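For reference, the chains in residue letters:
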Amino acid sequence: VQTALHQVRSEIQTIAALCDAGTVQPERVESRLESTTLVFLGELRAIHDLLYRPQWAPEEPVLLAILENLAASLRELDGLLGCLPPAWSPSPAFEQTVATVSRLADQICGACVPYPYAQSLTVSMDRVQHAAHAISGRKPRQFS
């Protein structure tokens, strides 16, 4: 999960760099972005399972690192969504994937998960939820 999240975050940063440079061509990044968000969704589902079924959860330091990486990846995704050209029209599959990412991440918070966790973990969970809210609020007509 850690490695895949790192790869997702790196790919989002690469696409965002194209946006920042003003060289993004929506038709060239669309499949890349869709693929990256699908991998991201898969990893988010795995993290969701770790939190909702703690008998399989890794040790606290590992889970903390995963949650912090997840929050950072969500913030990167939010930034990328904000820099895409206004003329870009996301596919329905992409819209659904982003909406699902936001919904699942919103369910990760200190008060949301059914089991008690250490304070440091609940703070990280709340960061994840905050980042999910930013994504869902980014383009209400598309990603909510």
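Parameters at a glance
- Residues numbered from 1 in each chain as written.
- Predicted model: local features only at pLDDT ≥ 70, side-chain atom pairs only at ≥ 80, totals over all residues.
- Heavy atoms only, no water.
- Core = buried A, V, L, I, M, F, W, Y, C linked by side-chain atoms within 4.5 Å.
- Buried < 20%, exposed > 50% of the residue type's maximum accessible area, 1.4 Å probe, protein only.
- Helix = DSSP H or I, 4+ residues; strand = E, 2+ residues; numbered from the N terminus.
- Contact = heavy atoms within 4.5 Å.
- Salt bridge = Lys/Arg side-chain N within 4 Å of Asp/Glu carboxyl O.
- Axes fitted to C-alpha atoms, helices over the stretch in contact; angles between N-to-C directions.
- Left-handed = near helix turned anticlockwise from the far one by under 90°.
- Nonpolar A, V, L, I, M, F, W, Y, C, P; charged D, E, K, R; others polar.
- Parallel < 35°, antiparallel > 145°, perpendicular 65-115°, else oblique.

J.: Account for the nonpolar core, naming residues and giving values.
T.: Counting 39 residues, the largest nonpolar core has L51, L67, L70, L74 and I108 as its most contacted members. Among the elements of the structure, α1 (2–21), α2 (26–52), α3 (60–83), α4 (92–106) and α5 (119–138) are those that each provide at least two residues to this core. Take this core: its biggest share by element is nine residues, from α3. If we ignore the near neighbours within four places in the chain, the residues touching L70 are L5, F40, L44, I47, I108 and V128.

J.: Outline the pattern of salt bridges, listing residues and values.
T.: This model, assessed by the stated rule, comprises three salt bridges. For E11, the salt bridge identified is with R32, shortest N-O distance 2.1 Å. On the criterion of sequence distance, the pair formed by E11 in helix α1 and R32 in helix α2 is long-range, its members being 21 residues apart. Residue R127 is joined to E68 by a salt bridge in which the shortest nitrogen-to-oxygen separation is 2.6 Å. Residue R127 is located in helix α5, and its partner E68 is located in helix α3; the two are separated by 59 residues in the primary sequence. Exposure remark for R127: the relative accessible area of 39% places this residue in the partly exposed category.

J.: I'd like a rundown of the packing of α3 against α4, residues and numbers included.
T.: A packed helix pair is summarised by two numbers, namely the angle formed by the two axes and the spacing between the axes. It is the contact of α3 with α4, at a shortest axis distance of 12 Å, that shows an interaxial angle of 145°. The handedness of the crossing between α3 and α4 comes out as left-handed. Taken together, the residues of α4 that come into contact with α3 (itself represented by L74, L77 and L81) are F94, V98, V101 and A105. In terms of residue class, the contact of α3 with α4 is built from seven nonpolar, no polar and no charged.

J.: Describe the packing of α1 against α3, and please don't skip the residues or the numbers.
T.: The N-to-C vectors of α1 and α3 enclose an angle of 20°; their axes lie 9 Å apart at closest approach. By the criterion of interaxial angle, the relationship of α1 to α3 is roughly parallel. Considering only the axes of α1 and α3, their crossing is left-handed. On the side of α1, the interface is formed by Q2, L5, H6, R9, I12, Q13, I15, A16 and C19, while α3 contributes A65, I66, N69, L70, A72, S73, E76, L77, L80 and C83. Broken down by class, the residue content of the contact of α1 with α3 amounts to 12 nonpolar, five polar and two charged.

J.: Give a detailed account of the environment of A134, specifying residues and quantitative values.
T.: In this fold, A134 is placed in helix α5. Once the C-alpha coordinates of A134 and Q13 are considered, the two residues, 121 residues apart in sequence, prove to be 17 Å apart.

J.: Residues and numbers for the environment of M125, please.
T.: Summarising the element assignment, M125 is placed in helix α5. For M125, a relative accessible area of 0% puts it in the buried group. Measuring from C-alpha to C-alpha, the distance between M125 and Q107 comes to 9.0 Å, with 18 residues separating the pair along the chain. Excluding residues that lie within four positions of it along the chain, M125 makes contacts with L51, L67, I108, C109, G110, V113 and Y117.

Read these as layout, nothing more, since geometry by itself doesn't imply function.
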